[in-house]
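The chain contents come next:
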Amino acid sequence: MNSKRMAQLHPYVPGEQPSDRTYIKLNANENPYPPSPNVISALTDFIKNHPEKLALYPDPDAHRLREAIAAMLNRTGGVLARAVPAGEKCRPSEADRIPFTVTPDMIYTGNGSDEVLSFVFYAFFDSDTKLVTPEFSYSFYPVYGGFYDIPLDFVKLKSDWTLDTRTMIEREKINNSGIIFANPNAPTGRSLSRNEVRAMLEETKVDRVFVVDEAYVDFGGESCIPLLADFPNLVVVRTFSKSFCGAGMRLGYIVASPELVRTVTTVKNSLNHFPIDAASQIAGIAACENDAYYAECTKKIVIEREKFSAFLAARGWDCIPSVTNFVFARKAGLSGEDAYRRIKERGILVRRFATKGIEDFLRITIGTPDQMRSLCDVIETL
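Per-chain numbering applies: the sequence of each chain, read as written, is numbered from 1 onward. Since the coordinates come from a predicted model, pLDDT governs what is reported: local features require at least 70, and pairs of side-chain atoms require 80 or more to be given and counted, while whole-chain, interface and lining totals use all residues. Side-chain measures were taken over the full set of non-hydrogen atoms in the model, leaving aside hydrogen atoms and water.

1. Some remarks on the pattern of salt bridges
Next, step 1: Within this document, salt bridges are pairs made up of a side-chain nitrogen of Lys or Arg and a carboxyl oxygen of Asp or Glu, the two lying within 4 Å of each other. Throughout the structure, instances matching the rule amount to 19 salt bridges.
Next, step 2: The shortest N-O distance in the salt bridge between R305 and E306 comes to 2.8 Å.
Next, step 3: Salt-bridge contacts for R342 lead to D338; the nearest nitrogen and oxygen are separated by 3.4 Å. Placement of the pair is R342 and D338 together in helix 11 (residues 336-345), with a separation of 4 residues, close to one helical turn.
Next, step 4: Members of the salt-bridge network, linked through shared partners, are D338, R341, R342 and E345. Only DSSP runs of H or I covering at least 4 residues are called helices, and only runs of E covering at least 2 are called strands; the numbering of each starts at the N terminus.

This is how it looks when you write it as structure tokens:
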């Protein structure tokens with residue numbers, strides 16, 4: 001055993017995945033709605049009519065899936081929240097339109113965005129310089145930092161819980177390393193505009209990779225994919241787990257220059273040449289072809305998020321403005337641990353982070369209207 005290497009590992013702790021299905025599960029930012037009927041039909045046809053393909057290795061480069069993702073991004077502009085109603089094709093607004101054609105060679109697909117992020121860390125960051133990231137952001141970043149022996153430079157958030165972009169840029173210049181952050185950010189739910197990210201990119205060196213993790217962008221953020229036209233060092237990480245109702249499929253991808261995609265692909269092929277199984281590729285293609293369905297699911301979540309945020313505010317909770325599928329909130333005089341425990345006792349799981357500075361906050365995933373009514377009933381008793 002390599003004791004020194006093991007000592008620097010700090011494994012990620014996911015939200016509870018209880019075997020007791022009586023819980024209302026609002027702790028992992030999963031989508032409360034099922035995948036598109038098109039996905040179910042595609043999977044059913046695949047298993048029923050092509051079972052022999054389960055005995056064969058899948059396409060190692062996921063050609064058809066990458067083509068479907070590229071077509072979806074070009075059609076929607078990279079965001080679903082402002083898409084047209086179901087039954088019509090999604091069309092990007094002028095503000096969101098991508099000023100170029102996203103091509104399949106700009107897409108890398110992996111077994112969930114967590115695996116994609118792992119390869120991004122290995123490919124673009126190293127042990128000699130500190131990687132700049134927000135103090136409170138996706139908790140897998142320090143996990144991969146420890147795994148690959150990449151030191152992180154944590155930058156405190158501003159008093160309104162937004163990213164301190166000026167300090168992040170100054171630290172990046174000192175470290176001469178790179179930057180990674182989630183936008184919208186997790187667990188805070190706040191977001192930078194595309195122009196704010198552009199301003200950051202304009203001050204970074206083109207030979208240093210700048211990573212924007214857009215897991216939650218479809219719920220009200222602005223995608224940075226259009227910025228790839230001007231910044232070849234930008235890497236945008238995306239997932240099917242949130243707005244595409246596919247956490248169980250484990251599909252993630254990046255959008256970047258073909259050169260950076262080739263670099264990540266080299267890393268993947270040096271570890272595992274077949275990362276995405278055949279069924280997940282089929283499901284991902286079908287999902288991309290029915291983006292209007294997911295636009296409607298996204299709108300339902302956004303509407304419920306706003307109602308729930310107003311509910312909390314009216315009852316004295318400090319609720320950070322969110323453009324994600326969750327809210328991050330606390331109530332003065334009520335510890336996060338106590339609130340979490342009392343809500344769980346009533347059959348509902350939410351997420352609490354035992355991290356100094358945010359230990360009294362709860363991160364609450366937005367569920368269906370019925371699930372949120374049940375939660376509101378519990379919160380009234382706290």
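2. Topic: the state of the cysteines
Next, step 1: The disulfide definition used here is simple: a pair of cysteine sulfur atoms within 2.5 Å. Overall, the coordinates contain 0 disulfides when judged by the stated rule.
Next, step 2: No disulfide involves C224; its nearest neighbouring cysteine sulfur is the one of C288, lying 20 Å away.
Next, step 3: In this structure C245 is a free cysteine whose sulfur lies 4.3 Å from that of C297, the closest cysteine sulfur available.
Next, step 4: A simple rule labels every residue: compare its accessible area, found with a 1.4 Å probe on the protein chains alone, to the largest value its type can have, and call it buried under 20%, exposed over 50%, or partly exposed in between. By relative accessible area, which is 9% here, C245 ends up buried.

3. Quick word on the pairing of strand 5 (residues 179-182)
On a regular strand, each side chain points to the face opposite its neighbour's, so the side chains alternate between the two faces of the sheet.
Next, step 1: Burial of strand 5 is two-sided: the residues I179 and F181 facing one way and the residues I180 and A182 facing the other way are all buried.
Next, step 2: In this sheet, strand 6 (residues 210-213) lies alongside strand 5 in parallel orientation, the contact comprising 4 bridges. Bridge pairing links A182 to D213 in strand 6.
Next, step 3: With helix 7 (residues 194-201) bridging strand 5 and the parallel strand 6, this β-α-β connection has right-handed handedness. Strand pairing follows a simple DSSP-based rule, namely that at least 2 bridges must link the two strands. Clockwise travel from the first strand over the helix to the second, with the strands pointing away from the viewer, marks a crossover as right-handed.

4. Topic: helix 6 (residues 165-175)
Next, step 1: Buried within helix 6 we find T167, M168, I169, E172 and N175.
Next, step 2: Only heavy atoms matter for contacts: two residues are in contact if any of them lie within 4.5 Å across the pair. Among the structural elements, strand 3 (131-134), strand 4 (152-155), strand 5 and helix 7 are those in contact with the buried residues of helix 6.

5. Considering the packing of helix 10 (residues 291-314) against helix 12 (residues 369-379)
Next, step 1: Packing of helix 10 against helix 12 leaves a shortest axis separation of 11 Å and a crossing angle of 10°. Taken as axis vectors, helix 10 and helix 12 run roughly parallel relative to one another. In this structure, helix 10 contributes E304, F308, F311 and L312 to the contact, and helix 12 contributes P369, M372, L375, C376 and I379.
Next, step 2: Of the residues belonging to the contact of helix 10 with helix 12, the class tally is 8 nonpolar, no polar and 1 charged. Axis lines are fitted through C-alpha atoms, for helices just across the contact stretch, and the angle between N-to-C directions can take any value from 0 to 180 degrees. Any angle that falls under 35 degrees is termed roughly parallel, while one over 145 is termed roughly antiparallel, one within 65 to 115 roughly perpendicular, and all others oblique. When residues are sorted by character, Ala, Val, Leu, Ile, Met, Phe, Trp, Tyr, Cys and Pro go into the nonpolar class, Asp, Glu, Lys and Arg into the charged class, and all the rest, Gly among them, into the polar class.

6. Points about the pairing of strand 10 (residues 326-331)
Next, step 1: As paired elements, strand 9 (residues 317-320) and strand 10 share 4 bridges and run antiparallel to each other. Looking across to strand 10, one finds that I320 is bridged to F328.
Next, step 2: Taking the residues that link successive antiparallel strands as the turn, the strand 9-strand 10 hairpin has 5 residues.

7. Here's the deal with the packing of aromatic side chains
Next, step 1: Here a Phe, Tyr or Trp ring, Trp counted by its six-membered ring, pairs with any other such ring whose centre lies within 6.5 Å, and the pair is stacked when the planes are under 30 degrees apart, edge-to-face when over 60, and tilted otherwise. Summed over the entire model, instances satisfying the criterion amount to 21 aromatic pairs.
Next, step 2: Between the aromatic rings of F328 and F361, the centroid separation amounts to 4.5 Å while the plane-to-plane angle is 5°, which identifies the pairing as stacked. You can see F328 sitting in strand 10 and its partner F361 sitting in the loop between strand 11 (348-349) and strand 12 (362-365), a full 33 residues away along the chain.
Next, step 3: Of the residues examined, F361 reaches a relative accessible area of 1% and is grouped as buried.

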